[in-house]
Amino acid sequence: MRKYFLLSAVALLAANNANADNSSITVEAHAKIEHVSEITCSPLDFGTIYLKKNNVESIVHLNDTPEGDVVHVSGNSPSRCEGIEDGATIIGFNDDSEGVYCYADAFNPDEEALCIRNIRMNFEDYIFADLYIPANFPEATFDTTIQFTIAY
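Because the structure is predicted, anything quoted here is derived from the model rather than measured.

Conventions and cut-offs
- Residues numbered from 1 in each chain as written.
- Predicted model: local features only at pLDDT ≥ 70, side-chain atom pairs only at ≥ 80, totals over all residues.
- Heavy atoms only, no water.
- Helix = DSSP H or I, 4+ residues; strand = E, 2+ residues; numbered from the N terminus.
- Buried < 20%, exposed > 50% of the residue type's maximum accessible area, 1.4 Å probe, protein only.
- Contact = heavy atoms within 4.5 Å.
- Areas by Shrake-Rupley, 256 points an atom, 1.4 Å probe, with all protein chains shown as cover.
- Polar contact = N/O pair within 3.5 Å; in protein donor to acceptor, adjacent residues only side chain to side chain.
- Salt bridge = Lys/Arg side-chain N within 4 Å of Asp/Glu carboxyl O.
- Phe/Tyr/Trp six-rings, centres within 6.5 Å; stacked < 30°, edge-to-face > 60°.
- Lys NZ or Arg CZ within 6 Å of the ring centre and 35° of its normal.

## Digging into the overall build of the protein chain
Helix and strand counts for the protein chain stand at one helix and 10 strands. Reading the protein chain from its N end, one meets helices and strands in the order α-β-β-β-β-β-β-β-β-β-β. Within the protein chain, the fraction of its 152 residues that count as buried is 21%. A fraction of 60% describes how many contacts in the protein chain between residues 6 or more apart in sequence connect residues 24 or more apart. Total accessible area on the protein chain stands at roughly 12,000 Å², and carbon and sulfur atoms take up 50% of it.

## Remarks on the side chain of His-61
Among the structural elements, His-61 can be located in strand E3 (residues 58-61). By relative accessible area, which is 12% here, His-61 ends up buried. Side-chain polar atoms of His-61 contact the side chain of Asp-130, separated by 2.8 Å. Once you skip the residues sitting within four places of it in the chain, His-61 turns out to touch Pro-66, Glu-67, Asn-76, Ala-129 and Asp-130.

## Remarks on the pattern of salt bridges
This model, assessed by the stated rule, comprises one salt bridge. In this structure, Arg-120 engages Asp-130 in a salt bridge whose closest nitrogen and oxygen atoms are separated by 3.6 Å. One end of the pair, Arg-120, is in strand E8 (residues 114-121); the other, Asp-130, is in strand E9 (residues 126-133), and 10 residues separate them in sequence. In this pair, the class of Arg-120 matches that of Asp-130, namely buried.

## Some thoughts on the packing of aromatic side chains
For the structure on display, the rule yields one aromatic pair. Seen in terms of ring centroids, Phe-137 and Phe-142 are 5.7 Å apart; in terms of plane orientation they differ by 40 degrees. Their pairing is tilted. For Phe-142, a relative accessible area of 33% translates into the label partly exposed. A cation over a ring is seen here: Arg-80 above Tyr-126, with NZ or CZ 5.2 Å from the ring centre. A cation sits over an aromatic face here: Arg-117 above Tyr-132, 5.1 Å from the ring centre.

## Concerning unusual backbone geometry
Residue Asn-54 is not a glycine yet carries a positive backbone phi of 55 degrees. On the secondary structure map, Asn-54 appears in the loop between strand E2 (48-51) and E3. Phi at Asn-136 takes a positive value of approximately 55 degrees, unusual for a residue other than glycine. By secondary structure assignment, the location of Asn-136 is in the loop between E9 and strand E10 (149-151). What makes Asn-136 exposed here is its relative accessible area of 52%.

Written out as structure tokens, the structure is:
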């Protein structure tokens, strides 16, 4: 009896392993290749701006004489970009909805903001802009990053 029990147990184990299910899967793969240009730009630097105390609304132009209560500007320079190919369209330049970048004061959101406007690029890939300073603006230092889209 013991002999038949062992034979039947081995037969059951062998039958279970031999009849194991095999499965297969199907995986879809997708890829989209885009060409990009590596573009590097130097900072758009409005420099150190010396304003009269209790100033009126003032404008600092990177390529022209300042307006309003600007007494002096030092260390300012336009941005120079490299890697922009001919025929590029730069989205965000001279566009009222996208071409104005304002710094809101997190501590006083009801106050007028400092704004960069009239952003433009010349034929030598220099970016110029105007900095609009609201009246009675306090002493401060501002840094930001501006992003544009370039289409070919």
